[in-house]
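# Structure assessment
Take a look at the letters that make up each chain.
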Amino acid sequence: MKKKKTCNNTREKSVRFIHWNMLVGGAEKSLLRLLKNFDCEKYDTALTMHEAGGELFSEIPEGVKVDIVPMESFSEDCARLPFGKMMKSFYYAFRCKRAKEDRFDWLMKIYDLCHHITADTVIVYAFVSPFCLQLGALSTAKRKALWIHGILAPDDVFLKVLPPFLDAFDTFFCVSEAVRVWFNELYPEQASKTVVMYNLTDTEKIRMLADEEALPVEKDVSVLCTVTRIVRDKGTELIPEIARRLTEDGYNIRWYLVGDGYMREYIEQIAGQLGVADKIIFCGTKINPYPYVKACDVYVQPTFSEGFCLSVNEAKILCRPIVVTDIPCMYEQLEPNKNALFAEWSIDAFVEKTEKLLDSPELREQFTEDLKNAVYDNQRELDKLYSFIDG
């Protein structure tokens, strides 16, 4: 096991988080905020990841020991793995093989690392990673928790991968009530172990970072913004057609699309075909997306799959008028017609709601004023995690 960062703290209890990497993403930003607020003075804290690097890697707090588990090391200690644990691993991998054949060989390589994952408490933060699940489920920790970040589509192959691991965990931290309801309906036998723990916010830092860069102001231009991964379940394929319709209806728009993903090239092509390539600015991944959010007249989030939308929460903190998809988790973050407009997941609905906000400075101001009065401090959420660790 390759170690990149170390700390020499000796504490009463040890806690190990397991995640994939620290690329820019909602889960990674949430994990980073959790680690920055976590009591490393009280707990001997470690983070195990499959790969080093990523835009957020350097921001991991110094009080957190970081272990990197590279793929090439997976087979080195296989022969030394205890027979009982090897057989249990084969059971997990067999179930995963039935779900997706090409994952079998990859999962088999994890066995030799399971005995390295030692701590009083292990917290698997990447719940859609067989790598992280395997390490957490087969660890020697006394207490094990799994973070549930989102709601998966009914045909998601991972729904077949997940069940064999669930009994190994003592608690499932769900990032919203909507996620908890979905998880409990899917796995009712695990319902007694679910707890809602909202992602932590860092209000002052977000507002500070938003002021680090001033974007150019264009006269008579309505600015829209979306911060997201450019992938299927985030609804980004709607954006070029929404932009075309707004342009046809006479709106002079500039749409900042902040983020990256496997659909970016496709979305860029569609934007070109629809004649709105000059209207949509593909900004790519930004460690600091907040100047773009602050500069917008309307923040638009056309996602149809969320557990707790971090970027919407950040747009709230910056008091931007918001249009979101009408999905369960948004009702925990916003109030329809009080500080946001909710739209069905369709081009027509998003065009209608966006135009309604663009046409009404008074409504935008109403939403902004309501968001200014909201309370964003949720540091007490950490008490739920501490209660689990100390229980």
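Residues numbered from 1 in each chain as written. Predicted model: local features only at pLDDT ≥ 70, side-chain atom pairs only at ≥ 80, totals over all residues. Heavy atoms only, no water.

A few words on the overall build of the protein chain. Each helix and strand in the protein chain was counted, giving 15 helices and 14 strands. Relative to its full complement of 391 residues, the protein chain shows a buried share of 58%. Contacts in the protein chain between residues far apart in sequence, at least 24 positions, make up 72% of those at least 6 positions apart. Carbon and sulfur atoms form 49% of the exposed surface of the protein chain, whose accessible area is close to 16800 Å². (Helix = DSSP H or I, 4+ residues; strand = E, 2+ residues; numbered from the N terminus. Buried < 20%, exposed > 50% of the residue type's maximum accessible area, 1.4 Å probe, protein only. Contact = heavy atoms within 4.5 Å. Areas by Shrake-Rupley, 256 points an atom, 1.4 Å probe, with all protein chains shown as cover.)

This next bit is on the pairing of strand E2 (residues 13-19). Within a regular strand, side chains alternate between the sheet's two faces. Across the seven residues of E2, six count as buried, placing the element largely inside the fold. Direction of pairing for E2 relative to strand E3 (residues 43-49): parallel, over a ladder of seven bridges. Paired with Ile-18 across the bridge in E3 is Thr-48. With four bridges joining them, E2 and strand E5 (residues 121-124) adopt parallel strand pairing. Looking at the pairing, Phe-17 lines up with Ile-123 of E5. (Pairing = 2+ DSSP bridges.)

For the rest of this paragraph, the subject is the side chain of Glu-306. Considering the arrangement of structural elements, one finds Glu-306 in the loop between strand E12 (298-301) and helix H12 (310-317). One polar contact links Glu-306 to Lys-234, side chain to side chain, over a distance of 3.0 Å. (Polar contact = N/O pair within 3.5 Å; in protein donor to acceptor, adjacent residues only side chain to side chain.)

A word on the nonpolar core. If you look at the biggest cluster of nonpolar residues, it comprises 63 residues, and the most contacted ones within it are Phe-17, Phe-38, Leu-146 and Leu-385. For Phe-38, the residues in contact, after removing those within four places along its chain, are Val-15, Phe-17, Tyr-43, Thr-45, Leu-382, Leu-385, Tyr-386 and Ile-389. Of all hydrophobic cores here, the second largest spans 33 residues; its members include Ala-210, Cys-283, Val-312 and Leu-318. (Core = buried A, V, L, I, M, F, W, Y, C linked by side-chain atoms within 4.5 Å.)

Looking now at helix H15 (residues 382-390). Of all the residues in H15, the buried ones are Leu-382, Leu-385, Tyr-386, Phe-388 and Ile-389. For H15, the arc enclosing every buried residue in end-on projection is 160°, short of the 170-degree limit, so these residues lie on one face. The elements touched by buried residues of H15 are E2, helix H1 (26-37), E3, E5, strand E6 (143-148) and strand E7 (171-174). (Arc of directions from axis to C-beta.)

Within strand E9 (residues 222-227), six of the six residues are buried, which leaves the element mostly enclosed by the surrounding structure. Pairing geometry for E9 and strand E10 (residues 253-258), over six bridges, is parallel. Each residue of the ladder has a partner; that of Val-227, found in E10, is Val-258. Handedness of the β-α-β unit built from E9, helix H9 (residues 239-248) and E10 comes out right-handed. As defined by bridge partners, E9 adjoins E12 across two bridges and the pair is classed as parallel. Each residue of the ladder has a partner; that of Cys-225, found in E12, is Tyr-299. (Right-handed = clockwise from strand over helix to strand, strands pointing away.)

How two aromatic rings sit relative to each other is set out by the distance from centre to centre and by the angle between their planes. Scanning the model with the defined rule gives 16 aromatic pairs in all. Residues Tyr-331 and Phe-342 carry aromatic rings whose centres are separated by 4.8 Å and whose planes lie at 55° to one another, so their mutual orientation is tilted. Here Phe-342 lies in strand E14 (residues 341-343) and Tyr-331 lies in the loop between strand E13 (322-325) and E14, a separation of 11 residues in the sequence. Here a set of aromatic residues connected by ring pairs shows up, and it is made of Phe-169, Phe-172, Trp-182, Phe-183 and Tyr-187. (Phe/Tyr/Trp six-rings, centres within 6.5 Å; stacked < 30°, edge-to-face > 60°.)

What follows deals with the sheet that holds strand E11 (residues 280-284). The strand order across the open sheet built from six strands is E11-E10-E9-E12-E13-E14, with neighbouring strands paired in parallel fashion. Where the open sheet ends on each side, the last strands, each with one partner, are E11 and E14. If you compare each strand with its neighbour and ignore which way they point, the axes differ by 20° on average. Where E10 lies against E11, four bridges are found, and the strand directions are parallel. Looking at the pairing, Leu-257 lines up with Phe-282 of E11. In this fold H9 packs onto E9, E10 and E11, with an angle of close to 170° to the strand it touches most, E10. (Axes fitted to C-alpha atoms, helices over the stretch in contact; angles between N-to-C directions.)

The periodicity of an α-helix, 3.6 residues per turn, causes residues three or four places apart in sequence to face the same way. Among the eight residues in helix H4 (residues 130-137), eight count as buried, and that is most of the element. Those residues of H4 lying buried are Pro-130, Phe-131, Cys-132, Leu-133, Gln-134, Leu-135, Gly-136 and Ala-137. Where H4 starts, the residue carrying a side-chain oxygen 3.1 Å from the main-chain nitrogen of Cys-132 turns out to be Ser-129.

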